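Below, each chain spelled out in residue letters.
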Amino acid sequence: METKDIAINNDLIILAAPGNAVESAVKNIIEIDGKIVIDLTNPIGEGLKLTRGTTTSNAEEIQKIIPTAKIVKTLNTVGLEKMIDPTVNGEKITMLIAGDHEDANLKVSQLFEEIGFDPSIVGKLYFSRYLEPFAMIWIEVVRVQGMNPNTGIKWMR
């Protein structure tokens, strides 16, 4: 299957591409109208530096390219290790969710709860501007400093 065909027969697409390649990854997707696209990318360039920040985000740029899709920003604040087992010491990791479409946010939230996360919808898609830089804390501590990746954030409520 070619990337452009990924939305055919799929209601939910997970975008797992290098953060600096999201535009080319999504620009030719067909039959995307009304589909949920989970964006787990982080806009990281050379030297593990953010290429976007508080004025826009990868998620917002993706929404501009495929405006009829329902972009949901999430899964970008943990590593693959916690996507497989979203707990630390028996506690569910909180997975922050941002998007402009309430139905898509709720569907993703329900899916994550089934997987084992503690989902929390934090706001509209523009909150991605803060989730992407927030991910840099985990990247620095785990990937750069070498902390055990069996870590996660717990939003106490």
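Shown above is the structure to which this text applies.
These notes cover the structure that comes with them. Worth saying up front: this structure is predicted, and the values here are computed from it rather than measured.

This brings us to the environment of aspartate 85. Along the polypeptide, aspartate 85 turns up in the loop between helix H3 (80–84) and strand S4 (87–88). Taking the C-alpha atoms as reference points, aspartate 85 and glycine 116, separated by 31 residues in sequence, lie 7.6 Å from one another. Within the structure, the side chain of aspartate 85 is placed 2.8 Å from the side chain of threonine 87, a separation counted as a polar contact.

Turning to the nonpolar core, a few remarks are in order. Soluble globular proteins tend to pack their nonpolar side chains together in the buried interior. With 16 residues, the main nonpolar core has Leu15, Val26, Ile32, Val37, Ile62, Ile66 and Ile71 as its most contacted residues. Among the elements of the structure, strand S1 (12–15), helix H1 (22–26) and helix H2 (58–65) are those that each provide at least two residues to this core. The greatest single-element share of this core, amounting to 3 residues, is contributed by H1. With residues up to four places along the chain from it excluded, the contact list for isoleucine 32 reads Ala7, Ile13, Val37, Ile66, Thr68 and Ala69. Counting 14 residues, the second largest nonpolar core, distinct from the first, contains Val72, Leu75, Ile93 and Phe112.

Using the criterion set out here, one finds 3 aromatic pairs in the structure. When the ring of phenylalanine 112 is compared with that of phenylalanine 117, the centres are 5.6 Å apart and the planes differ by 50°; the resulting orientation is tilted. As far as the burial class goes, phenylalanine 112 and phenylalanine 117 line up, both buried. With a centroid separation of 6.0 Å and 75° between ring planes, the pair formed by phenylalanine 127 and tyrosine 130 is classed as edge-to-face.

Moving on to the pairing of strand S6 (residues 94–99). Across a regular strand the side chains alternate sides, sitting on one face of the sheet and then on the other. With 6 of 6 residues buried, S6 is to be regarded as a mostly interior element. The alternating pattern of S6 places Thr94, Leu96 and Ala98 on one face and Met95, Ile97 and Gly99 on the opposite face, and all of these are buried. Judged from the 2 bridges that link them, strand S3 (residues 70–73) and S6 form a sheet pairing that is antiparallel. Bridged to lysine 73 within S6 is alanine 98. Two elements, S6 and strand S7 (residues 118–123), share 5 bridges in a ladder whose sense is parallel. Pairing of methionine 95 across the sheet is with proline 119, part of S7. Chirality of the crossover, the property in question, places the unit of S6, helix H4 (residues 102–115) and S7 among those that are right-handed.

Conventions we followed
- Residues numbered from 1 in each chain as written.
- Predicted model: local features only at pLDDT ≥ 70, side-chain atom pairs only at ≥ 80, totals over all residues.
- Heavy atoms only, no water.
- Helix = DSSP H or I, 4+ residues; strand = E, 2+ residues; numbered from the N terminus.
- Polar contact = N/O pair within 3.5 Å; in protein donor to acceptor, adjacent residues only side chain to side chain.
- Core = buried A, V, L, I, M, F, W, Y, C linked by side-chain atoms within 4.5 Å.
- Buried < 20%, exposed > 50% of the residue type's maximum accessible area, 1.4 Å probe, protein only.
- Contact = heavy atoms within 4.5 Å.
- Phe/Tyr/Trp six-rings, centres within 6.5 Å; stacked < 30°, edge-to-face > 60°.
- Pairing = 2+ DSSP bridges.
- Right-handed = clockwise from strand over helix to strand, strands pointing away.

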